[in-house]
Every structure is written in C-alpha cells, then in structure tokens.
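An overview of the molecular structure
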Amino acid sequence: MATSASSSVSPRQPSLKLSLLSSKQSLSPVFSVPFNHGKRSLPRFVIVASGSGLSSKPTVLVAEKLGEAGLGLLKEFANVDCSYNLTPEELCTKISLCDALIVRSGTKVSREVFESSAGRLKVVGRAGVGIDNVDLAAATEFGCLVVNAPTANTVAAAEHGIALLAAMARNVAQADASVKAGKWQRNKYVGVSLVGKTLAVMGFGKVGSEVARRAKGLGMHVIAHDPYAPADRARAIGVDLVGFDEALARADFVSLHMPLTPSTSKMLNDETFAKMKKGVRIINVARGGVIDEDALVRALDSGIVAQAALDVFTVEPPPQDSKLVRHERVTVTPHLGASTMEAQEGVAIEIAEAVVGALKGELAATAVNAPMVPAEVLTELKPFVELAEKLGRLAVQLVAGGSGVKTVKVTYASSRAPDDLDTRLLRAMITKGLIEPISSVFVNLVNADYTAKQRGLRITEERILLDGSPENPLEFIQVQIANVESKFASAISESGEIKVEGRVKDGVPHLTKVGSFEVDVSLEGSIILCRQVDQPGMIGQVGSILGEENVNVSFMSVGRIAPRKHAVMAIGVDDQPSKQTLKRIGEVPAIEEFVFLKL
Ligand SMILES: NC(=O)C1=CN([C@@H]2O[C@H](COP(=O)(O)OP(=O)(O)OC[C@H]3O[C@@H](n4cnc5c(N)ncnc54)[C@H](O)[C@@H]3O)[C@@H](O)[C@H]2O)C=CC1
Ligand SMILES: O=C(O)C(=O)COP(=O)(O)O
C-alpha cells in the first residue's frame, strides 16, 4: 500500500507550474485541457477571466504596508488596491471584489473573510512568516491557496532577537528612559554579561539557528530544543539539541523561535517557569501566544524570571494597562522583528512573486496549505496529471445514476521505488475528475483531500512495482470504483468494480482498458464506448453515422475478448454528437450497449 511521499523544497526554490485551480471559478488559474483539433497542443496554464472578459486583470487587495518593489511587481500584472487599517467588516465587504489578498501580521484573515469572498478569493499572501493570523482550515475548505514569504525576514528577526537580548542584559531601554527623565542612576542599571552564559534557543528553524550563530559569536554557550530539527544541522554550528525540560533547566537566557500552533500555545506557563533557573531571562520575537502572559508576570514578580524582552504579544497592540508591558523589568518593542528596510523590500518581492505566480496558475514553492512539488518532478508528471483527471472523469461517468460513489481505489504501476513517486498531485486530480462532473463543487490541489472527505469519498492508493527501467515515472494508472452499478456493464471488471486504466503514450494520455477490455484511444475531446458482437463492418457502420452527422472522429479502437465474441469499441470524437446521432448508434443491431463520455 503506497501513500504519497512528501517532497520538501528549499525556501529559495523557484515557483512551480501547477495546474490545480478550478475551471469552475471565475478568474481562476486553470489547467487547460488540450483538445485535438487536428494537431496536438501541449498542456497550458491560463488565467480564465469571466464576467469582465479575458483581458481583465485580477484584483489584489494589499491590506497592510508593503515595500514598493513588491507593489511594482503586482501592478505589472494586477489591479492593486492598497487599503490599510480596514475594519474586519470593511475587509469582508471589499474581499468579494478581490482575487488575492496580501497581509502582514496585523490583519486577521478569518473564516468570515473566505465566506464573504463568495469563491472569488484565490490566494492569500502573507508578507512574512507566521500564518497564525490566517484561518488555514477555512482557506483550504474554500480552495484558497495560502502562500507566505518565509525567508526574506529571517535575518531581521534574528538581529532583533539579539538586539533585545543585549539591550535587556544591559538595561538599555530602562536606562535610556531614566536619563531622558533627567536622572543619572548608574548603580540601578548594572547589567549582566552574556559571555559564558547558556542560551536556550527554543525552535531551531530559520530564525532560531541564525540567533544561535550570532549568540555563539558573543561567546555564549548555545543549546537548542526543537523536536523536528535535524541534530546534524545543530551540530554543524556547535549547538547541542536537548529535550524541553533540560533546555529550560540549563538556560540563563531562553529565546523563543517556534511558530504559534495549538501545541506551542502557552508553552511557557506556571508549570514550565517553575522548571527554570531562578533569575532566567526570556526573549520572545516569535509570537506572544507561546507565553502565558499572566504566568510570566507571576514569574517576574516571584523572581524566577529576572527580565523579559518581548517583541510580540497575545493581543497586538497589547492593552494600555497591561501589567506585563508596564513591568519595570520588561523591555518591549511593537512587533518590529521583521521591520528593517532590507527585510521589508525582500518580503514584498518574495510575496508579490508568489501571489502573481499563483494567479497565473503556478504554485509558489511557499504554498502553506497545498503540497509543494519540485519543478522537475512536476514537469515529468504533467501528462500523468492530465491522465489522472481524465480517468477520474471517465470512471465517474460510467457509474449508473443512484449508485453513490464511496470507495475508489487508485493503482499506480511504476518501476520507480515507492519513495520516488509523489502521488499527491495525481490523487488530487483524480479527485477533481471524480467529483466535478457530478457536483457544483470545484476541486483543486488545495481542497481535494478535504472535499473528498466531506463527501464521504474514500480514495485508497496502491502501488504495483514493475521490473524494468524507471525512465518513466509511471507505466499506467488504474481507477476502480467499488460497490456501484455501471451504465455501461462492460466497464465492470472481473472483480466487480468499474475499472478504467490509462497510460501516457508520446506525452499524450490514452485510455487503455475499460473493465476487462483492452482499448487504445487518446484522451482528447470526448469518447463513445460501444459493446458489440465482434463482427466485420462495425467500425464502418458507426463511423459513417458520425460522418453523416458531421462529428469528427479522432480515434477508434476495438478491444475484444476473443475473435467473433464481444468487443468494446472506443471512439474518440471532437464534437458532442446530438441525441439523434447517439440514438442511431444505439439502433445498430450488433451494438449491445453504448455510452457517451465527456472528457
Ligand atoms: N517578530 C517578528 O517580526 C518575526 C517573527 N517571526 C516568528 O518567528 C518564528 C520562527 O520563524 P522561522 O524561524 O522563520 O520559522 P521556521 O519554520 O523556520 O522555524 C520554526 C521552528 O520551530 C520548530 N518547532 C515547532 N514546534 C516546536 C516546539 N513545540 N518546540 C520547539 N520547536 C518547535 C520547528 O521545527 C521549526 O524548526 C515564527 O513564529 C515566526 O512567525 C518570524 C519573523 C519575524
Ligand atoms: O514574519 C513574521 O512572522 C512576522 O512576525 C513579521 O510580522 P510583520 O510582517 O512585520 O507584521
């Protein structure tokens, strides 16, 4: 049983061409299906603008200040509406006119925002790292891609962490305020030294590791806690990865660098402060919510925590009368970690490129709620992606009305090692093919698994490992729908499921099996499947009916069980035959059943 292997990409990887936004949405990037008008075109990725015509530009709402270079990039491609300081109600009103939204940490992108967008919002761009202000579950349900800018502000955040560490240790902010108030209190503001002290970096990701590197340069002994970080990366910069309790027990300084998630929320609380050394100092440039702020006030008052330096707060801005902010031994900044000229220009460019790419039908390498597939893998998989959707479409159209589709088995036959084939894209496209013809729901890479689950559709994946050279990623894909009746009985395999199988030949998806019958028809245009008694002249008879009705036949193939027994004829047609034409085909005496399938 194979499940898809996840692919990771480096933050600097270029944007990837992806196909998976819906053709049912207005102004959505879609996977355009090449139709066979005599010659073959390659799959393309296009923007389909509806309502206002093909030439209309998408609209991007920039809800918080963004660097000029990023705005310039956006304006080349889209209408850009910079509206800052919107109330939640104003945002909900505006969003129904926008295809993309760009925010920083100051805007809550709640479920209401997605609901109010009425399906138009395709991309949310977070101009920074933390996406805790975006309701990712709602974005996914609404098929809206969320991208962030994960790398451009790393150094800025790390430098701010170090600035707070040093400023706190030497009481810079408090002493500055005191001198400005006309005092000269040299004894009051005696600080502590950093050299030789132990710093525990909690969260050894991009920012955490840059803080560690810098702290080592200051002569500190650095340990780190991160359940997901590779030990060799830590070792390479001379940092020991340790358990949570050990990090807290050994630290003179604790610096927080993990994301805010349900499992990191209030990670520092009464219980965990109690595990720390008396006189510990805390730095937080991650998210306010990782500290229980009331517990921090208690720990400061009881002397467990000597000082804290905070850039981030549970509620931003924090209440005027916040005991924590007003505490004498606490140094605060108003969420300035990412606020350097350099970082803001970088973030603006990074997010503008990701948003424009997504609107063009590309999926940025920084997608947060969709699988990221490396560009080279995607290029290789492209024809199989097309095949996958079409097999899904064919299979579901073979189901007789009234049989609910609940269980689908997908088999991938490949000579590649299971780890070497990422099937998430293929599964999403099969899901799209299965669901879209029978519902008004649109399915894309973002919401495919969610939509299948919502509809009670269980898709299992299986791998057949073939011998031979792994030159092609796949030999064939098989889609089977269990426990249903078919409107084309011949599509039921020996084991009782509707079965279709396809391959890619010369870059073109082909249908190669229906039920137990081998066929060979390229998956372009539409298909008529007929079961007939295998006898001479059948191809001619059906072909001439279609010819008389001016329906262009692109392909015909006959698969039979044994000579002069039953055969299934697959006919590829460019145009949809009229009801009259289909009736005439059905009236050919040797034809036992037939079905018209739209691709
Ligand atoms: N104050 C500011 O302006 C800025 C704040 N940030 C915040 O800094 C944080 C880190 O950002 P990056 O380093 O870019 O993210 P990252 O994703 O590179 O690193 C986060 C690390 O936290 C680790 N982690 C997750 N759960 C953990 C847990 N329970 N205990 C310990 N470690 C855990 C992850 O394994 C990962 O290595 C984020 O919350 C981000 O929002 C980032 C930039 C600017
Ligand atoms: O990137 C992050 O996670 C940050 O916290 C930066 O937030 P900002 O974009 O400055 O509102």
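The sections below set out a description of the structure shown in this document. (Residues numbered from 1 in each chain as written. Chains lettered and ligands numbered in written order. Predicted model: local features only at pLDDT ≥ 70, side-chain atom pairs only at ≥ 80, totals over all residues. Heavy atoms only, no water.)

1. Let's talk about the overall build of the chain
- Within the chain, the regular secondary structure consists of 18 helices and 26 strands.
- Buried positions account for 54% of the 599 residues belonging to the chain.
- Restricting to contacts in the chain with at least 6 residues of sequence separation, those with at least 24 account for 67%.
- Accessible surface for the chain amounts to roughly 25800 Å². Of this, 53% is attributable to carbon and sulfur atoms. (Helix = DSSP H or I, 4+ residues; strand = E, 2+ residues; numbered from the N terminus. Buried < 20%, exposed > 50% of the residue type's maximum accessible area, 1.4 Å probe, protein only. Contact = heavy atoms within 4.5 Å. Areas by Shrake-Rupley, 256 points an atom, 1.4 Å probe, with all protein chains shown as cover.)

2. Quick look at the site of ligand 1
- The environment of ligand 1 is made up of 26 residues, and the closest members are Lys-206, Val-207, Asp-226, Val-285 and Asp-311.
- Between Val-285 and ligand 1, the recorded distance is 2.9 Å, taken from a backbone N or O atom to a nitrogen atom.
- Between an oxygen atom of ligand 1 and a main-chain N or O atom of Gly-337, the distance comes to 3.4 Å.
- Expressed as a share of its isolated accessible area of 850 Å², the protein-covered part of ligand 1 is 87%.
- For the shell around ligand 1, the class distribution of residues is 13 nonpolar, nine polar and four charged. (Near = heavy atom within 4 Å. Polar contact = N/O pair within 3.5 Å; in protein donor to acceptor, adjacent residues only side chain to side chain. Nonpolar A, V, L, I, M, F, W, Y, C, P; charged D, E, K, R; others polar.)

3. Details of the sheet that holds strand E21 (residues 508-514)
- If you walk across this open sheet you meet the six strands as E18-E17-E19-E20-E21-E22, and the pairing is mixed. Whereas interior strands pair on both sides, the edge strands pair on one side only; in this sheet they are strand E18 (458-465) and strand E22 (517-522). Averaged over all adjacent pairs, the angle separating strand axes in this sheet is 20°, with direction ignored.
- Strands in contact with helix H14 (residues 375-397) are strand E19 (476-482), strand E20 (498-505) and E21; relative to E20, the strand with the most contacts, it is inclined by about 155°.
- In this fold helix H15 (residues 424-435) packs onto strand E17 (407-414), E18 and E19, with an angle of close to 140° to the strand it touches most, E17. (Pairing = 2+ DSSP bridges. Axes fitted to C-alpha atoms, helices over the stretch in contact; angles between N-to-C directions.)

4. A word on the pattern of salt bridges
- Following the criterion strictly, the structure yields 30 salt bridges and no others.
- Among the salt bridges present, the one from Lys-188 reaches Glu-328, with a minimum N-O distance of 2.9 Å. Here Lys-188 is found in the loop between helix H6 (172-180) and strand E9 (198-202), whereas its partner Glu-328 is found in the loop between helix H12 (323-326) and strand E15 (330-332), with 140 residues between them in sequence.
- Close ionic contact of Arg-250 with Glu-246 constitutes a salt bridge, the shortest N to O distance being 2.6 Å. Taken as a pair, Arg-250 and Glu-246 lie in helix H9 (residues 244-250) at a separation of four residues, close to a single helical turn.
- A relative accessible area of 30% means that Arg-250 is categorised as partly exposed.
- Members of the salt-bridge network, linked through shared partners, are Glu-389, Arg-393, Lys-432 and Glu-436. (Salt bridge = Lys/Arg side-chain N within 4 Å of Asp/Glu carboxyl O.)

5. Quick notes on the side chain of Asp-422
- Mapped onto the elements of the fold, Asp-422 is located in the loop between E17 and H15.
- Among the polar contacts made by the side chain of Asp-422, one reaches the side chain of Arg-424 at a distance of 2.5 Å.

6. Brief notes about the packing of helix H1 (residues 68-77) against helix H13 (residues 341-359)
- At a minimum axis separation of 7 Å, H1 and H13 run at an interaxial angle of 20°. As judged from the angle between their axes, H1 and H13 are roughly parallel. Viewed along their axes, H1 and H13 form a crossing whose handedness is right-handed. Where H1 approaches H13, its residues Glu-68, Ala-69, Gly-70, Leu-73, Leu-74 and Phe-77 are matched on the opposing element by Glu-345, Ala-348, Ile-349, Ala-352, Glu-353, Val-355, Val-356 and Leu-359.
- Of the residues in the contact of H1 with H13, the class split is ten nonpolar, one polar and three charged. (Parallel < 35°, antiparallel > 145°, perpendicular 65-115°, else oblique. Left-handed = near helix turned anticlockwise from the far one by under 90°.)

7. Overview of the sheet that holds strand E8 (residues 145-148)
- Taken in spatial order, the five strands make up an open sheet running E5-E4-E6-E7-E8, and their pairing is parallel. The open sheet is flanked by strand E5 (79-82) and E8, the only strands paired with a single partner. Shown here is a sheet whose adjacent strand axes are inclined to one another by a mean of 20°, direction ignored.
- In this sheet, E8 lies alongside strand E7 (residues 123-126) in parallel orientation, the contact comprising four bridges. Bridged to Val-123 within E8 is Leu-145.
- Against the sheet, helix H2 (residues 88-95) touches strand E4 (59-62), E5 and strand E6 (100-103), its axis set at about 170° to E4.

8. Some details on the pairing of E8
- Neither face of E8 is left uncovered, since the one carrying Leu-145 and Val-147 and the one carrying Val-146 and Asn-148 both have all their residues buried.
- The handedness of the E7 to E8 crossover, carried by helix H4 (residues 136-141), is right-handed. (Right-handed = clockwise from strand over helix to strand, strands pointing away.)

9. Structural notes on the side chain of Asn-171
- Positionally, Asn-171 belongs in the loop between helix H5 (154-169) and H6.
- Note on Asn-171: relative accessible area 9%, which makes it buried.
- In terms of polar contacts, Asn-171 uses its side chain to reach the backbone carbonyl oxygen of Val-190, at 3.4 Å.
- Those residues in contact with Asn-171, other than ones at most four positions away along the chain, are Tyr-189, Val-190, Gly-191 and Gln-307.

10. Thoughts on the site of ligand 2
- In the vicinity of ligand 2, the contacting residues are Arg-104, Ser-105, Arg-126, Ala-127, Gly-128, Val-129, Gly-130, Asn-153, Arg-287, His-335 and Ala-338.
- One of the side-chain N or O atoms of Ser-105 is found 2.5 Å from an oxygen atom in ligand 2.
- Here Val-129 contributes a backbone N or O atom positioned 2.6 Å from an oxygen atom of ligand 2.
- In isolation ligand 2 exposes 310 Å². Once the protein is present, 90% of that is buried.
- Across the shell around ligand 2, the residue classes break down as three nonpolar, five polar and three charged.

11. Some words on helix H7 (residues 206-217)
- The terminal C-alpha atoms of H7 lie 17 Å apart, and with twelve residues this matches the ideal 16 Å at 1.5 Å per residue to within 8%.
- Among all positions of H7, only Val-207, Gly-208, Ser-209, Glu-210, Val-211, Ala-212 and Ala-215 are buried.
- In this structure, the buried side of H7 is in contact with H5, E9, strand E10 (221-225), helix H8 (231-236) and strand E12 (253-256).
- Count one or two residues on from H7 and you reach Gly-219, which has phi positive near 85°. (Expected span 1.5 Å × (residues − 1).)

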